There are 2 protein chains.
Amino acid sequence: MSKRAFDKIKTGLDDARAYLDGTADKRRYRVYVPETMDVKKIRARLGLSQEAFAATYGFALSAVRDWEQGRRRPERSARILLKIVQKEPDAVTRALAR
Amino acid sequence: MSKRAFDKIKTGLDDARAYLDGTADKRRYRVYVPETMDVKKIRARLGLSQEAFAATYGFALSAVRDWEQGRRRPERSARILLKIVQKEPDAVTRALAR
DNA sequence: AGGACTATACGGCAATGCCGTAGTCCGTTC
DNA sequence: GAACGGACTACGGCATTGCCGTATAGTCCT
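Attention here is on the structure that accompanies the text. All figures in this text were calculated on a predicted structure; none of them were measured in a lab.

### Some words on the overall build of chain A
Part 1: The helix and strand tally for chain A stands at 6 helices and 0 strands.
Part 2: Ordered by position from N to C terminus, the α and β elements of chain A give α-α-α-α-α-α.
Part 3: When each of the 98 residues of chain A is scored for burial, the buried share is 44%.
Part 4: For chain A, the share of sequence-separated contacts (at least 6 apart) that also reach a separation of at least 24 residues comes to 45%.
Part 5: Accessible surface, chain A: about 6000 Å² in total, of which carbon and sulfur atoms supply 47%.

Here it is as structure tokens:
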């Protein structure tokens, strides 16, 4: 890993910690939401079929298909959710457990 | 990297492996997605203004307004995300940190 | 009174969500 | 090799939401 990459991650972690600590100004904190997401890649890493992926994280199967086929782009909230599925899939599972 | 962070990643990998191994049933697992969400309540508990709430979790301010005013209902992915924000706000922050 | 902050209210177009169905590819089983 | 089921591509089509902007109202502070 390059130093640059490390610094980037560290900055992110510092920001997150500052936020959680309440050190950061909650009014000014602003997250970055990516404009595009490689849904197929995220799903592949989890080793799930489109159907299982949708059922596991709550997506509509039709939406997953549209996204993977490039027919439609996941809208903002979906992109955020996909990011969480990618980085912290367990958190999603816990939050949605009944 | 902390041990805690490592364990988190490992847990994720273990889950993925469980899926691949067939230890977990890919087909039957299905989460429940609520049809309605009390956005105002979720936000109130976090003690954030509409603007700060939107900026912190990535929502569009206009969407938050529409939801709270009962003008529109958050669609599926947004409802899932809201549930995660409610139950595991830190996970969202971590996933979206740069 | 004036200003800063927060929330309500809503017009309006573009875009997505979601449903359904038909067709393709592939590994497997008879 | 024909039949089968699973996974995926492709897409028509309507209802609904996303998201933009702007105007209005309430609250608190100086």
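### Details of helix α6 (residues 89-96) of chain B
Part 1: For α6 of chain B, the buried fraction is high: 6 of the 8 residues fall into the buried class.
Part 2: Inspection of α6 of chain B places Pro89, Ala91, Val92, Thr93, Ala95 and Leu96 of chain B among the buried residues, and these make up the whole buried set.

### Looking at the protein's contact with DNA strand C
Part 1: The local shell around DNA strand C holds 18 residues, among which Lys40, Gln50, Gln69, Arg71 and Arg76 of chain B are the closest.
Part 2: When atoms of DNA strand C within 4 Å of the protein are sorted by moiety, sugar and phosphate together comprise 52%.
Part 3: A distance of 3.1 Å is found between a base nitrogen of DNA strand C and a side-chain nitrogen or oxygen belonging to Asp66 of chain A.
Part 4: A distance of 3.1 Å is found between a phosphate oxygen of DNA strand C and a side-chain nitrogen or oxygen belonging to Trp67 of chain A.
Part 5: Broken down by element, the residue count for the surface near DNA strand C peaks at 3 residues, all from helix α4 (residues 61-68) of chain A.

### A short note on the environment of Tyr57 of chain B
All names here are of chain B.
Part 1: Position of Tyr57 among the secondary structure elements: in helix α3 (residues 50-57).
Part 2: By relative accessible area, which is 1% here, Tyr57 ends up buried.
Part 3: Remark: the alpha-carbon pair of Tyr57 and Val92, spanning 35 residues in sequence, is separated by 7.0 Å.

### Some details on the environment of Arg45 of chain B
Part 1: Mapped onto the elements, Arg45 of chain B comes out in helix α2 (residues 39-46).
Part 2: Through-space distance from the C-alpha of Arg45 of chain B to that of Gln86 of chain B is 8.6 Å; in sequence the pair is 41 residues apart.

### Thoughts on the packing of aromatic side chains
All names here are of chain A.
Part 1: Here the structure, examined in full by the defined rule, presents 6 aromatic pairs over all chains.
Part 2: Relative to Phe59, the ring of Phe53 lies with its centre 5.4 Å away and its plane at 20°, an arrangement referred to as stacked.
Part 3: Judged by its relative accessible area of 0%, Phe53 falls in the buried class.
Part 4: On the basis of relative accessible area, Phe59 is assigned to the buried category, the value being 4%.
Part 5: The rings of Phe53, Tyr57, Phe59 and Trp67 are connected pair by pair, giving a single aromatic cluster.

### Details of the side chain of Arg43 of chain A
All names here are of chain A.
Part 1: Counting through the fold element by element, Arg43 comes out in helix α2 (residues 39-46).
Part 2: Judged by its relative accessible area of 12%, Arg43 falls in the buried class.
Part 3: There is a polar contact of 2.8 Å between the side chain of Arg43 and the backbone oxygen of Leu48.

Definitions and cut-offs
Every chain's residues receive numbers from 1 upward, in the order its sequence appears when written. As a convention, the first chain written is A and the first ligand written is 1, with the rest following in written order. Local features are withheld for residues below a pLDDT of 70 in this predicted model, meaning they are given only at 70 or higher, and side-chain atom pairs are given and counted only at 80 or more; totals for whole chains, interfaces and linings count all residues. Computation of side-chain values covers all heavy atoms of the structure but excludes hydrogens and water. Numbering of helices and strands runs from the N terminus; a helix is a DSSP stretch of H or I covering at least four residues, while a strand is a stretch of E covering at least two. Each residue is assigned to one of three classes by its accessible area relative to the maximum for its type, calculated with a 1.4 Å probe on protein chains only: buried under 20%, partly exposed between the two thresholds, exposed over 50%. Note on definitions: a residue-residue contact is assigned when non-hydrogen atoms from the two residues lie within 4.5 Å. In these tables, accessible area is a Shrake-Rupley quantity obtained with a 1.4 Å probe, and a residue counts as shielded only by the protein chains included in the view. Any residue with a non-hydrogen atom lying within 4 Å of a molecule or strand is treated as near it. Definition of a polar contact: a pair of N or O atoms within 3.5 Å, with one able to donate and the other able to accept a hydrogen when the atoms are protein atoms, and with sequence-neighbouring residues admitted only if both atoms are side-chain atoms. Within 6.5 Å between ring centres, the rings of Phe, Tyr and Trp (the latter by its six-membered ring) count as paired, and their orientation is classed by plane angle as stacked under 30 degrees, edge-to-face over 60, tilted in between.

These figures come from the coordinates and say nothing about function on their own.
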